[in-house]
Amino acid sequence: MVQMPAMKRVKGRAPLSVVVAIIRGLALAGVIFTEDLRSLTVVTAKEEKEKERKRTSLPAGTRTVLTLPEESVTLPAEGVTPPPAKKPFDPTRCSVTEGYWAFDRSKKLLYTDQTCPFIDRQDSCQRNGRPDSDYLYWDWHLDDCSLPRFDPVAVLEKLRGKRMMFVGDSLMLGQWLSFVCLVNSVVPYTARSMERSRTLSVYTAQDYNATIEFYWAPFLVESNSDRNIRLEAGGRILHVDAIEAHARRWSGADILVFDSYVWWMTGDRIKTVWGSFGDDGYEELDAWVAYRLGLKTWANWVDSHIDPNATRVFFMSISTTHMRSEDWGREGGIRCYNETWPITRKGYWGSGSDRRMMEVMSGVLGRMKVPVTLLNITQLTEHRRDAHVSVYTEAGGSLLTDEQRADPRTYADCIHWCVPGVPDTWNQILYAHL
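Note that this is a predicted model, so its numbers are computed, not measured. (Residues numbered from 1 in each chain as written. Predicted model: local features only at pLDDT ≥ 70, side-chain atom pairs only at ≥ 80, totals over all residues. Heavy atoms only, no water.)

## Quick word on the sheet that holds strand 15 (residues 372-375)
Okay, step 1: In space, the seven strands of this open sheet follow the order 6-7-8-5-11-14-15, with mixed pairing throughout. The outermost strands of the open sheet, each flanked by one partner alone, are strand 6 (192-195) and strand 15. For this sheet the average axis-to-axis angle between neighbouring strands, irrespective of direction, equals 15°.
Okay, step 2: Across four bridges, strand 6 lies against strand 7 (residues 200-205) in antiparallel orientation. Counted as the bridge partner of E195 is V202 from strand 7.
Okay, step 3: Strands in contact with helix 3 (residues 170-184) are strand 5 (163-168), strand 6, strand 7, strand 8 (210-216), strand 11 (255-258) and strand 14 (312-316); relative to strand 8, the strand with the most contacts, it is inclined by about 165°. (Pairing = 2+ DSSP bridges. Helix = DSSP H or I, 4+ residues; strand = E, 2+ residues; numbered from the N terminus. Axes fitted to C-alpha atoms, helices over the stretch in contact; angles between N-to-C directions. Contact = heavy atoms within 4.5 Å.)

## A look at the pairing of strand 8
Okay, step 1: Most of strand 8 is tucked away, with seven of its seven residues classed as buried.
Okay, step 2: Side-chain alternation along strand 8 places A210, I212, F214 and W216 on one buried face and T211, E213 and Y215 on a second face that is also buried.
Okay, step 3: Both strand 5 and strand 8 contribute to a ladder of six bridges, which runs parallel. Paired with V167 across the bridge in strand 8 is Y215.
Okay, step 4: Across six bridges, strand 7 lies against strand 8 in antiparallel orientation. Counterpart to S201 in the pairing with strand 8 is F214.
Okay, step 5: Between the end of strand 7 and the start of strand 8, which pair antiparallel, lie four residues, with N209 showing a positive phi angle near 50°. (Buried < 20%, exposed > 50% of the residue type's maximum accessible area, 1.4 Å probe, protein only.)

## Notes on the packing of aromatic side chains
Okay, step 1: In total, this model carries 19 aromatic pairs according to the counting rule given.
Okay, step 2: Between F150 and F179 the ring centres are 5.5 Å apart and the planes differ by 90°, which places this aromatic pair in the edge-to-face class. Here the residue F150 occupies a position in the loop between strand 4 (145-146) and helix 2 (152-159), and F179 occupies one in helix 3, the gap between them amounting to 29 residues.
Okay, step 3: On the basis of relative accessible area, F150 is assigned to the buried category, the value being 11%. (Phe/Tyr/Trp six-rings, centres within 6.5 Å; stacked < 30°, edge-to-face > 60°.)

## Quick word on unusual backbone geometry
Okay, step 1: The linkage connecting V419 with the following residue, P420, adopts the cis geometry, with an omega of 5°.
Okay, step 2: Within the secondary structure, P420 is located in the loop between strand 19 (413-417) and helix 10 (422-433).
Okay, step 3: Even without being glycine, R335 reaches a positive phi, approximately 50°.
Okay, step 4: Examined against the element boundaries, R335 turns out to sit in the loop between strand 14 and helix 6 (355-366).
Okay, step 5: Note on R335: relative accessible area 16%, which makes it buried.
Okay, step 6: Even without being a glycine, N338 presents a positive backbone phi close to 65°.

## Some points on a positive patch on the surface
Okay, step 1: Positive charge collects at one region of the surface, where R198, R227, R230, R248 and R249 lie side by side.
Okay, step 2: Mapped onto the fold, R249 is located in the loop between helix 4 (244-247) and strand 11. (Patch = residues over 30% accessible without salt bridge, like charges linked within 9 Å, V, L, I, M, F, W, Y side chains within 5 Å. Areas by Shrake-Rupley, 256 points an atom, 1.4 Å probe, with all protein chains shown as cover. Salt bridge = Lys/Arg side-chain N within 4 Å of Asp/Glu carboxyl O. Lys, Arg positive; Asp, Glu negative; His and termini not counted. Charge placed at Lys NZ, Arg CZ, Asp CG, Glu CD.)

## A few points about the confidence of the model for the protein chain
Okay, step 1: The predicted model of the protein chain averages 85 in pLDDT, with 80% of residues at 70 or higher.
Okay, step 2: Long-range and interchain partners of residues 1-77, a stretch whose pLDDT sits below 50, account for 37 contacts in this model, where long-range means more than four residues apart. (pLDDT = per-residue confidence, 0-100.)

## Points about the pattern of salt bridges
Okay, step 1: This model, assessed by the stated rule, comprises 15 salt bridges.
Okay, step 2: The closest approach of N and O atoms between E339 and R330, which form a salt bridge, is 3.1 Å.
Okay, step 3: Note on E339: relative accessible area 7%, which makes it buried.
Okay, step 4: Of the charged contacts, one joins E339 and R385 as a salt bridge, the two residues approaching to 3.5 Å between their closest N and O atoms. A residue pair is termed long-range when its members are at least 10 positions apart, and E339 in the loop between strand 14 and helix 6 and R385 in the loop between helix 7 (378-382) and strand 16 (388-390) qualify at 46 residues. Note on accessibility: E339 and R385 belong to one class, buried.
Okay, step 5: What emerges from the salt-bridge pattern is a single network uniting K107, D139 and R149.

## Regarding the sheet that holds strand 13 (residues 283-286)
Okay, step 1: The mixed open sheet is built from four strands, whose spatial order is 9-10-12-13. Bordering the open sheet on either side are strand 9 (222-223) and strand 13, each of which pairs with just one other strand.
Okay, step 2: Relative to strand 13, strand 12 (residues 269-273) runs antiparallel, the two being bridged by four bridges. Opposite K271, over in strand 13, you have E284 as the bridge partner.
Okay, step 3: Along the sheet, helix 5 (residues 287-305) contacts strand 12 and strand 13; its crossing angle with strand 13, the most-contacted strand, is approximately 95°.

Set out below in structure tokens:
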């Protein structure tokens, strides 16, 4: 056996071939590690983006309303085809009751209670010190149709040379003020005028020769409280078959918008008499019976005095109240006090809208000869517990004091609405029908 001579090693050095092999190996490992790291980074980024998409992006068909933090959302199944684009609004085909409220902080308000000088103190929530403002930035979106934005210039063109009148109670007064403020946002200061009185108020857009008016008639028919609005509910007596004292002021209007509901709901029974004169000999009727009689009197007047070729007639459905926080699961709450977010349950219906009264309303309107457009605002209004004036209002003609605001059980008003606010959406729907 021949022994090979031992290779002599230099201390601290490796053969050149070994060094080259090591360097090549390290370089290859570095390339592989770098590519793996890049691949891992891309995959992680994609996964995070996909997770974020799932957290924040729901198809329009599933976003009925935004959801409260304590409520759960059912995510759509993977691979669901996005719904088609919504159809343009068509009053004969689109339902304004099927939709959802969506929050949009970027929305530009056409007016505020600081920029519109006509808003009554009762409705001026921000000016009265309401600390939150999120209620101003909710939009009502229809499920199947696209509801057009209120366009004040287009409205003024439609009203050129015309007379538009809102008739009803204090809720209709709030809607009228909203409509006036929306239009007024594009009318120069020198080209407008406003005349206010207890029964009739008139806003004039002079360049358009157009008037937008409000007439006070909370029952539409005559009553002993038409002028004495502070008369207690127990002392009110309605003349359910008399209307001419009011209606003669409506003649000649090109557009009439009516409402009447909340004043009928002050008790289970209503004192009624027949004829225009005298309050003696009244009888007490169930509220819904008296309501039907009063609406029939109004309907008969419209059918016999309105030319549908000359005048368009609208009727606003029930404006919801939020008097029982238990309705939406807020045990221990005080009506709408301190509510800052809408009710998000799809199809929510509380105790503030009487279904029997709705049936009476739709039944009477459905049998009229003159076409009357019922603007059904009830369902969309049901959700808006957050937009009432609450304690940021007045009582007895004076702004609530700090002591009164600290007593919401007595003073929180969960009937009337902040302006701007929900009445703007009613007018958006009205505009879509004009």
